[in-house]
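Per-entry structural report
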Amino acid sequence: MKKTNRTTKVIATVMAVVIAISSLCVITAVSANAATYAGSAQAHASEKMGPMTTSVPSTTTKLNTVAKAYVFTCKGKTSYGYDYDYTATNKNVKVKCAYNFKSHTYKFTFTGTAKGTTKMNFKYKTSDKVWVKVHMTFKVNSQKNITRVA
């Protein structure tokens, strides 16, 4: 019996050594594979797409630029101050006007209220009898960011 216990102990020790070496090989292989993956195109795909949360500017005056608001500035003066009007195909864009009486400057701010596209016939007065017409198309995304596309 003593020999059997001794043989069992030797076999158990050999098995423990084999398991330890196998585990070490697996860990090394996984580490090498992870290092290879970190340098691969798949690992950097998210960097190529850009960050998931993008910074959207608060205002823009440019076409085809996403922002929280689109600003349109122009000049005009009537004998009674200022005047503007518009018609739109959708109610997902809100218009606010700030008029400077010293410089006779309109500052229109367009913001999105709901997702969708709006075509707008916008007009403002430059004098008592002259209307300037501006055709605008806006796209509003699901985060209510606005883009003037035309």
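Refer to the preceding data block for the structure.
Here we summarise the structure given alongside this text. (Residues numbered from 1 in each chain as written. Predicted model: local features only at pLDDT ≥ 70, side-chain atom pairs only at ≥ 80, totals over all residues. Heavy atoms only, no water.)

1. Description of the side chain of threonine 105
By the element assignment, threonine 105 lies in strand S5 (residues 105-112). Threonine 105 gets classed as buried once you look at its relative accessible area, which sits at 16%. A distance of 2.9 Å separates the side chain of threonine 105 from the side chain of serine 103, its partner in a polar contact. If near-sequence neighbours (up to four positions away) are discounted, threonine 105 is found in contact with Thr73, Cys74, Lys75, Ala98, Tyr99 and Asn100. (Helix = DSSP H or I, 4+ residues; strand = E, 2+ residues; numbered from the N terminus. Buried < 20%, exposed > 50% of the residue type's maximum accessible area, 1.4 Å probe, protein only. Polar contact = N/O pair within 3.5 Å; in protein donor to acceptor, adjacent residues only side chain to side chain. Contact = heavy atoms within 4.5 Å.)

2. Some points on the environment of threonine 78
Note that threonine 78 resides in the loop between strand S2 (69-75) and strand S3 (84-88). Relative accessible area serves as the criterion here: at 5%, threonine 78 is assigned to the buried category. Separated by 26 residues in the primary sequence, threonine 78 and histidine 104 have C-alpha atoms spaced 9.1 Å apart. Among residues more than four places away in sequence, those in contact with threonine 78 are Lys125, Ser127 and Asp128.

3. Let's talk about the side chain of threonine 118
Tracing the chain through its elements places threonine 118 in strand S6 (residues 116-125). Residue contacts for threonine 118: discarding those within four places in its chain leaves Ala88, Thr89, Asn90, Asn92, Val93, Met136, Thr137 and Phe138.

4. Some words on the sheet that holds strand S7 (residues 131-140)
Neighbouring strands of a sheet are bound in pairs by backbone hydrogen bonds; such pairs are parallel or else antiparallel. Overall, antiparallel pairing links the 4 strands, which are arranged S3-S6-S7-S8 in an open sheet. Every other strand in the sheet has two partners, leaving S3 and strand S8 (146-148) as the edge strands with one partner each. Going from strand to strand, the sheet's axes swing by 30 degrees on average, the running direction of each strand aside. Of the strand pairs in this sheet, S6 and S7 are connected by 10 bridges, and their pairing is antiparallel. Bridge assignment links lysine 119 to a residue of S7, and that residue is threonine 137. (Pairing = 2+ DSSP bridges. Axes fitted to C-alpha atoms, helices over the stretch in contact; angles between N-to-C directions.)

Function cannot be read off these values alone, since they describe shape.
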